[in-house]
Amino acid sequence: MVESDSSFDDGGDTWAISPSLYLTGHLLYQIMELVCTIIVISVVWNREVCDSFPLQVWVIMYSLRLLICIPLTIYCLCCVQQSVRIPSYYNMVDLAIVIHVLLMFTLGSLWLFSSSPCRSTSPITVTYMVVLLAAIALYISIPLGIIAGMFICLPCRVLQVVINVTMGRRETMSSSFVSRLPRRRVAPGDQHDRCAICMCDYELGDEVVQLPCNHQFGRACFEEWAQVKRQCALCRHDITQPIRVENNV
């Protein structure tokens, strides 16, 4: 069950747009393609002849997928409108349709560009094939463009990660340096009664770390702090650098 269309889940994938809008547009395109195919085939059948390749057969074979796509899209649209999860087999059927489209695109491209004489004997069929192949090319180019963009941006992302890691190392302290800082146990009468990082009161026997600037913090809190920053949490003094007498707090 889902609460709204904007966050519909079809078994793992979250829709970025309204699923009802997407499926409705997809259904309209499929119906339009089916109607156009029926009109074109009824007009050119036994009127246009291509001796090289059966172009009309290709149009029919490619459009046969609509006999599955249209009912499946209607079913998915009903599932969305009733807030019912789309069955998992939808992805398997969709994958089979994609494979069919890719195979028909390859075959149609070879036939179309290898049958120059058919352009004069079957102009309507050839024109319709060009439209269908262009639609397939657009359908394929969108995910390929996204993948290409990811590869183009990959060096930039790697460089950004390297810079972040380098800057992070500059801002943090090594564990060996932290371990060499003076440590002691909280005793009765200590002036520092609270850790300035976690804002919790010290208890007798707690281990604290004393920095060169004389500020003290709980050991566990400071070790976590040192993984992020190398400045004192109070005075912001760089703990790895010697402190001047006039800056001593």
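Since the structure is predicted, the reported quantities are computational estimates derived from the model, not experimental observations.

### What to know about the sheet that holds strand E2 (residues 207–210)
Across the sheet, 3 strands lie side by side as E1-E2-E3; this open sheet has antiparallel pairing. Looking at strand neighbours, the two that pair on one side only are strand E1 (183–185) and strand E3 (216–218), the edges of this open sheet. When strand polarity is set aside, the average angle formed by the axes of neighbouring strands in this sheet is 35°. Where E1 lies against E2, 3 bridges are found, and the strand directions are antiparallel. When the sheet's bridge partners are listed, Arg-185 is paired in E2 with Glu-207. Helix H8 (residues 219–226) contacts E1, E2 and E3 of the sheet and is inclined by roughly 100° relative to E3.

### Some points on the UniProt feature "transmembrane region" (unreviewed entry) in the chain
In the UniProt entry, the feature "transmembrane region" (unreviewed entry) is given for residues 27–45, 57–80, 92–114 and 126–154. Between the first and last C-alpha atoms of residues 57–80 the distance is 35 Å; the span itself is 92% helix and 0% strand.

### Let's talk about the packing of aromatic side chains
Applying the stated criterion across every chain, the model contains 2 aromatic pairs. Here Trp-58 and Tyr-62 contribute two aromatic rings whose centre-to-centre distance is 5.3 Å and whose plane-to-plane angle is 5°, an arrangement assigned as stacked. Linking Trp-58 with Tyr-62, this pair stays in helix H2 (residues 55–63), spanning 4 residues, or about one helical turn. This pair shows no difference in class: Trp-58 is buried, exactly as Tyr-62 is. Ring geometry for Phe-217 versus Phe-222: centroids 6.2 Å apart, planes at 10°, classification stacked. Taking the relative accessible area as the measure of exposure, Phe-217 reaches 0% and is therefore buried.

### As for helix H4 (residues 89–113)
With 25 residues, H4 extends 36 Å between its outermost C-alpha atoms, agreeing within 8% with the 36 Å of an ideal straight helix rising 1.5 Å per residue. The set of residues buried in H4 consists of Tyr-90, Ile-97, Val-101, Met-104, Gly-108, Ser-109, Trp-111 and Leu-112.

### Some words on the pattern of salt bridges
All chains considered together, the criterion is met by 5 salt bridges. The closest approach of N and O atoms between Arg-183 and Glu-207, which form a salt bridge, is 3.9 Å. Of this pair, Arg-183 sits in strand E1 while Glu-207 sits in strand E2, placing them 24 residues apart in sequence. Using a relative accessible area of 30% as the deciding quantity, one classes Arg-183 as partly exposed. What you see here is one network of salt bridges that share partners, running through Arg-183, Glu-207, Arg-219 and Glu-223.

### Some points on H2
All of the buried residues along H2 are Leu-55, Gln-56, Trp-58, Val-59, Tyr-62 and Ser-63. Along the long axis of H2, the arc covered by the buried residues comes to 155°, so they all point the same way.

### What to know about the environment of Gln-216
When you line up the elements, Gln-216 lands in strand E3. Since its relative accessible area comes to 9%, Gln-216 is described here as buried. When the C-alpha atoms of Gln-216 and Ile-197 are compared, they prove to be 9.8 Å apart, with 19 residues separating the residues in sequence. A polar atom in the side chain of Gln-216 sits 3.4 Å from the side chain of Gln-210.

Rules used in this analysis
- Residues numbered from 1 in each chain as written.
- Predicted model: local features only at pLDDT ≥ 70, side-chain atom pairs only at ≥ 80, totals over all residues.
- Heavy atoms only, no water.
- Pairing = 2+ DSSP bridges.
- Helix = DSSP H or I, 4+ residues; strand = E, 2+ residues; numbered from the N terminus.
- Axes fitted to C-alpha atoms, helices over the stretch in contact; angles between N-to-C directions.
- Contact = heavy atoms within 4.5 Å.
- UniProt positions renumbered as here; feature names shortened; annotations may be inferred.
- Phe/Tyr/Trp six-rings, centres within 6.5 Å; stacked < 30°, edge-to-face > 60°.
- Buried < 20%, exposed > 50% of the residue type's maximum accessible area, 1.4 Å probe, protein only.
- Expected span 1.5 Å × (residues − 1).
- Salt bridge = Lys/Arg side-chain N within 4 Å of Asp/Glu carboxyl O.
- Arc of directions from axis to C-beta.
- Polar contact = N/O pair within 3.5 Å; in protein donor to acceptor, adjacent residues only side chain to side chain.

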